[in-house]
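# Residue-level structure breakdown
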Amino acid sequence: MSSLTAPAWTRRPIDVGIPGPTPRDMATGFWSIRADPLSYLAATRERYGDRVAFPVPGPPALLLSDPDDVRRVLQTSARTWGKDTVQYAALGRVTGPGLLASSEPSWIDHRRLAAPAFHHQRLDRVGVHVAEATDEALARWEVPWPHGAMVDVARLTLGVALDVVGRALFSADLSDQAHRLLEATSAAARLVVRLGRGIVPVPEWIPTPLNRRLVQTRRELDTLCLQLIATRRATGAGRDGAGGDDLLGLLVDSGLSDQEIRDELVTMVIAGHETVAAALTWSLMLLAQDQDAQDRLRTEALAHTGPVPMVGTAQRLPWTRAVVDEALRLYPPAWVISRRSHQPDVLSGHDVPAGTTAIISPWLLHRRADAWPEPDAFRPERFLDRSAARSDYLPFGAGPRLCIGREFALGEMTIVLGRLLTAYRIGLPRDWSPPIPQALIAVHPRGGMPLHVTPLGGRHP
């Protein structure tokens, strides 16, 4: 029996000459890891450096914070490092092998089929949906807002993001069925977080309460998705591109099976609203702290004529886009990325065996003082000069698995911030302190984000 096929408890950790905590350190810090993984990762890097080996049985698990190592894993040696990790396996129990969680070679075929949905011309048409979703959300929320009301902007942005992704996916029939799918997928995402925080990995076949909930939720997602797909096919989809111009129609026309379409829909809902909602929430907090930056964004948005584009925002609205990029640096929604090596590789002179797990945290990379002066400060001007691309900035990942929805998310955030801040001023409550970042599927503020929202009587861009 090889060392990789032997039961985990019979294997000894493979020493690759990289420092790290002892098993005793891991045991005593277990509850800290579960309660606040972001602080634990930061403290671990501070103590051991840019490469940390965790004492796991068999091939090592390495926390990598050196940009050269990260570039090798995600880009130059990307074919060696796959997504068959615990992190994506947990997500895959809800999404199936969609674009985000798939570790199969077929992911690239699915990406090609989904790519037309994110073509620049199509994204610009989606911008109308983003503006409408934002305006409708504000209309629903502003009725009870007195002057200077306290509003949980985390709930507001979550509602906007969920509505936007629904319109992009199901614009041809945003029915009650589609709304139920959006809500069920959000509930499923919360179960994934609970699954990932389990003390010991539990096989799917053991009927624990969480496993039963996951099975029930997945069945509900299957039923809702397949009903939506069948309805769309019955209305003429699949004949000369008649499926419709939204993502569901494009997927139906692509030739994917119903099950494959289901997996991509669920993936897009989770990836398309969790991350954007979190990033918008932190953006509003940072702008509430910096009124000059907020005023500059408002002035830029009011000066822009015509619809705001989903693509090319850095050229059309440079300050707004710089605010978005800096918020994504400080609070990257995807706080951890993992990969597993399919064959031996070399990282900064260290030979690592097949089966090695690489743990990469944008949260740590984006706070390197040698790369980002005053790394904890909110300074959007960092991103006004776009003359050189950065390999140590990856809110959407990097390499061939770069998030397919990157332009969608950046455009959506730019539009939502412009429409919100031309009509309202966002301010901090009295005796305010920043909420604790909570590492879930994305990084959300623990307890929400209550901020003062004051109507300005202005106009939307």
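Look a little higher up for the structure.
A short tour of the structure in this document, coming up. (Residues numbered from 1 in each chain as written. Predicted model: local features only at pLDDT ≥ 70, side-chain atom pairs only at ≥ 80, totals over all residues. Heavy atoms only, no water.)

Let us now look at the packing of helix 10 (residues 209–234) against helix 12 (residues 258–289). At a closest axis distance of 9 Å, the pairing of helix 10 and helix 12 adopts a crossing angle of 115°. Relative to helix 12, the element helix 10 is oriented roughly perpendicular. Remark: the crossing between helix 10 and helix 12 carries right-handed chirality. Within the contact between the two elements, helix 10 uses R218, L221, D222, C225, L226, I229 and R233 and helix 12 uses D258, Q259, I261, R262, D263, L265 and V266. Among the residues making up the contact of helix 10 with helix 12, the classes are represented as 7 nonpolar, 1 polar and 6 charged. (Axes fitted to C-alpha atoms, helices over the stretch in contact; angles between N-to-C directions. Helix = DSSP H or I, 4+ residues; strand = E, 2+ residues; numbered from the N terminus. Parallel < 35°, antiparallel > 145°, perpendicular 65-115°, else oblique. Left-handed = near helix turned anticlockwise from the far one by under 90°. Contact = heavy atoms within 4.5 Å. Nonpolar A, V, L, I, M, F, W, Y, C, P; charged D, E, K, R; others polar.)

Turning to the pattern of salt bridges, a few remarks are in order. Applying the stated rule across the entire model yields 24 salt bridges. The salt bridge involving R329 is made with E326; its shortest N-O contact spans 2.8 Å. Linking R329 with E326, this pair stays in helix 15 (residues 318–330), spanning 3 residues, or about one helical turn. Of the two residues examined, R329 and E326, each falls in the buried class. Between E381 and R379 there is a salt bridge whose closest N-O contact spans 3.5 Å. Judged by relative accessible area, E381 falls into the partly exposed class, the value being 39%. Accessibility expressed as a relative area gives 25% for R379, which makes it partly exposed. (Salt bridge = Lys/Arg side-chain N within 4 Å of Asp/Glu carboxyl O. Buried < 20%, exposed > 50% of the residue type's maximum accessible area, 1.4 Å probe, protein only.)

Between its first and last C-alpha atoms helix 8 (residues 153–170) spans 25 Å; for 18 residues at 1.5 Å apiece the expected length is 26 Å, and the two agree. For helix 8, the buried fraction is high: 15 of the 18 residues fall into the buried class. (Expected span 1.5 Å × (residues − 1).)

Looking at the element boundaries, R93 is found in helix 5 (residues 86–95). Look at R93 and you get buried, because its relative accessible area is 13%. Side-chain polar atoms of R93 contact the side chain of N211, separated by 2.6 Å. (Polar contact = N/O pair within 3.5 Å; in protein donor to acceptor, adjacent residues only side chain to side chain.)

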